[in-house]
Structure formats: C-alpha cells, structure tokens
Amino acid sequence: MKLYAVSDGPPSLAVRMALQALNIPYEHINVDYGKAEHLTEEYEKMNPQREIPVLDDGGFFLSESNAILQYLCEKYAPTSDLYPKDPKERALVNHRLCFNLAFLYPQISAYVMAPIFFDYERTEIGLKKLNLALTAFETYLKRTGTKYVAGDGLTIADFPLVTSVMCLEAIGFGLGERYPKVQTWYDGFKKAHPTLWAIAAKGMEEIAEFEKNPPDLTGMVHPFHPIRKPAAK
C-alpha cells in the first residue's frame, strides 16, 4: 500500500493518523507541492482532481481523504470502533466528516492556508466565516457532551477535525475564550493520543514556519490560485 501525501496538509495528516491507529503498514510517498508534482499528467492518472492525498492499494487508486478513511476501516478493520457499525453512531461519524469537509476546513483553508501559500489576504469576511464554522463546531460538542466529536470513543471523524484545528494553532489563533468545548476536545486528543498527535504536530510546525516565511511557489502554474509575486530585491 502506498500513500501519496504531503507532509503538512491536513487531509494527508488525517489519513496517516488513521493508518497508524489501525496499524496498517504503508509506504509514504511524498508529493512535492512546491514543485507542483500533483499537477503533472502522471499524477492526474491516479487522481483526475489533482488533489492530495491519493491511496494506492495494489493498483486501486482512491482519492478524497474521507473516502480513504472509510475504506481503510471497512476493508482492514471492519470491527474497529474507529468506524462503528451502529447506524446512528456511524451516521454521526459520517456527519462530522462531512461537516469538516464542506463547512469547517474550507473556512480554515481560506483563512489560514491560502494566504500562506498563495497571493491572498486574510479578511474580515474570511474571519466571520471561520467563526461561523467554529461556532457550529462548538454547538455540536455542547450537544453531545462527549469526549470525542462523534461520541465517547475515538473515531475516524476526529482525525480530520484535529488536523483542521491544528492549522489555527499554527498561526496562533486562540480558541479558548470563544470555543472552550473545541479547545477541551483538541487538548484532550493530544493528551490521550500522543503518538497520533505527533503526526499532526510535525505538520503544524511546518505550517507555523511557512507562516513566518512563505514558500516560493513562483515556479508553479496553478489552474486558479494566484501565485504570489517575488519580493523586490
């Protein structure tokens, strides 16, 4: 099994956390984002969306990190509590996965990641959208009153949400005052699962460094993101 992934991307980190939690051996093939390896014709054969990560399970190529998380559990650990069988419990896991994919991470990506890697600015409307998504997350945690995002046990839903919130920590965005439930869940995950957190922590360190020193992507021809012009010497 091979995982084509970057070292700091939240979706890549979430899949790596699941592989470790499930004790599935795999080969991590680093995709050099700065060299636009994900935009090559060869990569497009694995994933027409040209996004990261991609799982290669013996020639079966699967993209979309949520689908990868679900596939790993269903094929390699069908009885694992990481992806419960009970319909309501599984529905809650699936909801949290969708919530992150469609509602929370897009706002985090737009506010945190896009201005680091491309020619975007952090704006007030971007901050409002981010706080709207975090408010919804806080509400979900209040309603369940559980240790983890989809119940009292760890599930695959926690992995992408942890790696999303990790981006906020990387730029020093505080959660505690406005989102205490999110902060408690996040801190609790770190404490309860230090080995898994170590995967995300390394990515967070890279994002924090890029926040201070944005990478030079002037050699990339991106289909829609504007590339930051090099600083005048």
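- An unreviewed UniProt entry annotates the protein chain as glutathione transferase of Anopheles epiroticus.
- The annotation that UniProt attaches to the protein chain under Sequence similarities (unreviewed entry) is "Belongs to the GST superfamily. Theta family."
- According to UniProt, the comment filed for the protein chain under the heading Subunit (unreviewed entry) is "Homodimer."

Topic: the packing of aromatic side chains
Move 1: The tally for this structure, following the rule as stated, stands at 12 aromatic pairs.
Move 2: On the basis of an interplanar angle of 45° and a centroid distance of 5.2 Å, the ring pair of phenylalanine 60 and tyrosine 71 is categorised as tilted. Highlighted residues: phenylalanine 60 in strand β4 (residues 60–63) and tyrosine 71 in helix α3 (residues 65–76), separated in sequence by 11 residues.
Move 3: Given a relative accessible area of 16%, tyrosine 71 falls into the buried group.
Move 4: With 6.5 Å between their ring centres and 75° between their planes, tyrosine 111 and phenylalanine 173 make a pair best called edge-to-face. On the criterion of sequence distance, the pair formed by tyrosine 111 in helix α4 (residues 87–117) and phenylalanine 173 in the loop between α6 (158–170) and α7 (180–192) is long-range, its members being 62 residues apart. Residue tyrosine 111 shares its accessibility class with phenylalanine 173, and that shared class is buried.
Move 5: Put simply, the rings of Phe99, Phe103, Phe137, Tyr140, Trp185, Tyr186 and Trp197 pair up and form one aromatic cluster.
Move 6: Sitting over the ring of tyrosine 111, arginine 122 keeps its end group 5.7 Å from the ring centre.

Brief notes about the packing of helix α5 (residues 124–144) against α7
Move 1: Here α5 crosses α7 at 70°, and the two axes come no closer than 8 Å. One finds that α5 runs roughly perpendicular with respect to α7. Contacts from Leu134, Phe137, Glu138, Leu141 and Lys142 in α5 reach Pro180, Lys181, Val182 and Trp185 in α7.
Move 2: Here the contact of α5 with α7 is composed, by residue class, of six nonpolar, no polar and three charged.

Description of the sheet that holds strand β1 (residues 2–5)
Move 1: Strand order in this open sheet of four strands is β2-β1-β3-β4, and the pairing throughout is mixed. The sheet terminates laterally at β2 (27–30) and β4, the two strands that pair on one side only. Between one strand axis and the next, the sheet turns through 20° on average, direction left out of account.
Move 2: Bridge count for strand β3 (residues 54–57) against β4 is four bridges, and the pairing is antiparallel. When the sheet's bridge partners are listed, aspartate 57 is paired in β4 with phenylalanine 60.
Move 3: Contacts between helix α1 (residues 10–21) and the sheet are confined to β1 and β2, with β1 contributing the most and set at about 155° to the helix.
Move 4: Along the sheet, α3 contacts β3 and β4; its crossing angle with β4, the most-contacted strand, is approximately 130°.

Digging into the packing of α4 against α5
Move 1: Viewed as axis vectors pointing N to C, α4 and α5 meet at an angle of 150°, and their least axial separation amounts to 8 Å. The angle between α4 and α5 places the two elements in the roughly antiparallel class. When the axes of α4 and α5 are compared, the crossing they make is left-handed. Facing His95, Arg96, Phe99, Phe103, Leu104, Gln107, Ile108 and Tyr111 of α4, the residues of α5 in contact are Gly126, Leu127, Lys129, Leu130, Leu132, Ala133, Leu134, Ala136, Phe137, Tyr140 and Thr144.
Move 2: For the contact of α4 with α5, the residue count by class is 13 nonpolar, four polar and two charged.

What counts, and where the lines are drawn
- Residues numbered from 1 in each chain as written.
- Predicted model: local features only at pLDDT ≥ 70, side-chain atom pairs only at ≥ 80, totals over all residues.
- Heavy atoms only, no water.
- UniProt positions renumbered as here; feature names shortened; annotations may be inferred.
- Phe/Tyr/Trp six-rings, centres within 6.5 Å; stacked < 30°, edge-to-face > 60°.
- Helix = DSSP H or I, 4+ residues; strand = E, 2+ residues; numbered from the N terminus.
- Buried < 20%, exposed > 50% of the residue type's maximum accessible area, 1.4 Å probe, protein only.
- Lys NZ or Arg CZ within 6 Å of the ring centre and 35° of its normal.
- Axes fitted to C-alpha atoms, helices over the stretch in contact; angles between N-to-C directions.
- Parallel < 35°, antiparallel > 145°, perpendicular 65-115°, else oblique.
- Contact = heavy atoms within 4.5 Å.
- Nonpolar A, V, L, I, M, F, W, Y, C, P; charged D, E, K, R; others polar.
- Pairing = 2+ DSSP bridges.
- Left-handed = near helix turned anticlockwise from the far one by under 90°.

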